[in-house]
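For reference, the chains in residue letters:
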Amino acid sequence: MARIVVFAAFTAVLGTFPGIYLAGSAVPIVLQNTGPLLCGSLLGARRGVASVALFLGLVALGLPLLSGGRGGIAQFFTPSGGFLLGWIASALVVGLIVFLARRPTLPVLLLANLAGIAVDYLIGLPVMAAAMGGLRAAAVAMLVYVPGDLAKVVLVSLVAVAVYRAFPNATPRRGRAAR
């Protein structure tokens, strides 16, 4: 339980870094979307999802935990609302891939975190498209996020590898992940 709360708090801390709005974009570039990736990478699927769900529940209750001090249920009905909900699926996918791997090596973590970002895009893009008036326009607008998100995938994967090297028993493996 403590890990779940700590990672939810860590995701909130990542929100202290302000989002960057590019010209004409309704969705900011934020560092906070690395939180769900780290949750899945280091906590596994179940605890990672629980941590992200706790964080999003606090946001829904009105706590200003999103980048730029945003909070409240209304945040889930903005163009970036789909990406927020995608964080849950992202943590789940990353956690499952890490869990199924025998060892969370750098290639495994890169693949897992890339899949996590892809799932977030799959959920967030249709919501953004609805707000922008078309899937094509939203897909083109999303291209500005890809380089930064790829850099975040590498960063999160390197951090996770370092944590696993420092704490080899922290791996969410079969048998231990159920606890």
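Here the structure is a predicted model, which is why all the values come from computation and not from measurement.

A.B. asks: Mind showing me how you'd approach helix H4 (residues 81–100) here?
C.D. replies: Counting along an α-helix, one turn takes 3.6 residues, and residues three or four places apart therefore face a common direction. Given a rise of 1.5 Å per residue, 20 residues ought to cover 28 Å, and the 30 Å separating the end C-alpha atoms of H4 matches this to within 8%. Gly-81, Gly-82, Phe-83, Leu-84, Gly-86, Trp-87, Ala-89, Ser-90, Ala-91, Val-94, Gly-95 and Val-98 are the residues of H4 that are buried.

A.B. asks: Before we go on, may I ask you to explain helix H2 (residues 34–43) in this structure?
C.D. replies: Among the 10 residues in H2, 10 count as buried, and that is most of the element. Buried within H2 we find Thr-34, Gly-35, Pro-36, Leu-37, Leu-38, Cys-39, Gly-40, Ser-41, Leu-42 and Leu-43. Where the residues of H2 are buried, they touch helix H1 (2–14), helix H3 (45–60), H4, helix H5 (106–132) and helix H7 (146–166). Following H2 by one or two positions, Gly-44 adopts a phi angle in the positive range, close to 90°.

A.B. asks: Would you mind showing me how to read the packing of aromatic side chains here?
C.D. replies: The geometry of an aromatic ring pair comes down to the distance between the two centres and the angle between the two planes. Counting across every chain of the model gives 2 aromatic pairs. Centre to centre, the rings of Phe-55 and Trp-87 are 6.2 Å apart; their planes meet at 35°, and the pair counts as tilted. Residue Phe-55 is found in helix H3, and its partner Trp-87 is found in helix H4; the two are separated by 32 residues along the sequence. Across the pair, Trp-87 and Phe-55 agree in class, each one buried. When the ring of Phe-83 is compared with that of Tyr-121, the centres are 6.5 Å apart and the planes differ by 85°; the resulting orientation is edge-to-face. Of this pair, Phe-83 sits in helix H4 while Tyr-121 sits in helix H5, placing them 38 residues apart in sequence.

A.B. asks: When you look at a nonpolar patch on the surface in this model, what are you seeing that I'm missing?
C.D. replies: Taken together, Leu-114, Val-140, Leu-143, Val-146 and Leu-150 make up a surface patch of nonpolar side chains, about 420 Å² in accessible area. With respect to the helices and strands, the residue Leu-114 is situated in helix H5. Here Leu-114 falls in the partly exposed class, since its relative accessible area comes to 41%.

A.B. asks: What exactly am I supposed to notice about the nonpolar core here?
C.D. replies: Within the largest apolar cluster, 36 residues are counted, with the highest numbers of intra-cluster contacts made by Phe-55, Leu-56, Trp-87, Met-128 and Met-142. Those elements that provide at least two residues to this core are H1, H2, H3, H4, H5, helix H6 (135–142) and H7. Counting residues per element, this core draws most heavily on H5, at 7 residues. For Trp-87, the residues in contact, after removing those within four places along its chain, are Gln-32, Asn-33, Pro-36, Val-52, Phe-55, Leu-56, Leu-66 and Asp-120.

A.B. asks: Quick question: what am I supposed to make of the pattern of salt bridges here?
C.D. replies: Oppositely charged side chains can pair when the atoms bearing their charge come close. Inspection of the entire model under this criterion finds 1 salt bridge. Between Lys-152 and Asp-149 there is a salt bridge, and its shortest N-O distance comes to 3.3 Å. Residue Lys-152 and its partner Asp-149 are both found in helix H7; the two are separated by 3 residues, about one turn of the helix. Asp-149 sits in the buried class, given a relative accessible area of 6%.

A.B. asks: So what exactly am I meant to see when it comes to the packing of H1 against H2 here?
C.D. replies: How two helices pack is summed up by the angle between their axes together with the distance between the axes. Relative to each other, H1 and H2 sit at 155°, their axes nearing to 9 Å. If you check the angle between H1 and H2, you find them roughly antiparallel. Note that H1 runs across H2; the crossing there is right-handed. Within the contact between the two elements, H1 uses Arg-3, Ile-4, Phe-7, Phe-10, Thr-11 and Leu-14 and H2 uses Thr-34, Gly-35, Pro-36, Leu-38, Cys-39, Leu-42 and Leu-43. For the contact of H1 with H2, the class distribution of residues is 9 nonpolar, 3 polar and 1 charged.

Cut-offs applied
Residues numbered from 1 in each chain as written. Predicted model: local features only at pLDDT ≥ 70, side-chain atom pairs only at ≥ 80, totals over all residues. Heavy atoms only, no water. Helix = DSSP H or I, 4+ residues; strand = E, 2+ residues; numbered from the N terminus. Expected span 1.5 Å × (residues − 1). Buried < 20%, exposed > 50% of the residue type's maximum accessible area, 1.4 Å probe, protein only. Contact = heavy atoms within 4.5 Å. Phe/Tyr/Trp six-rings, centres within 6.5 Å; stacked < 30°, edge-to-face > 60°. Patch = residues over 30% accessible without salt bridge, like charges linked within 9 Å, V, L, I, M, F, W, Y side chains within 5 Å. Areas by Shrake-Rupley, 256 points an atom, 1.4 Å probe, with all protein chains shown as cover. Salt bridge = Lys/Arg side-chain N within 4 Å of Asp/Glu carboxyl O. Core = buried A, V, L, I, M, F, W, Y, C linked by side-chain atoms within 4.5 Å. Axes fitted to C-alpha atoms, helices over the stretch in contact; angles between N-to-C directions. Parallel < 35°, antiparallel > 145°, perpendicular 65-115°, else oblique. Left-handed = near helix turned anticlockwise from the far one by under 90°. Nonpolar A, V, L, I, M, F, W, Y, C, P; charged D, E, K, R; others polar.

By themselves, these are just geometric observations and shouldn't be taken as functional.
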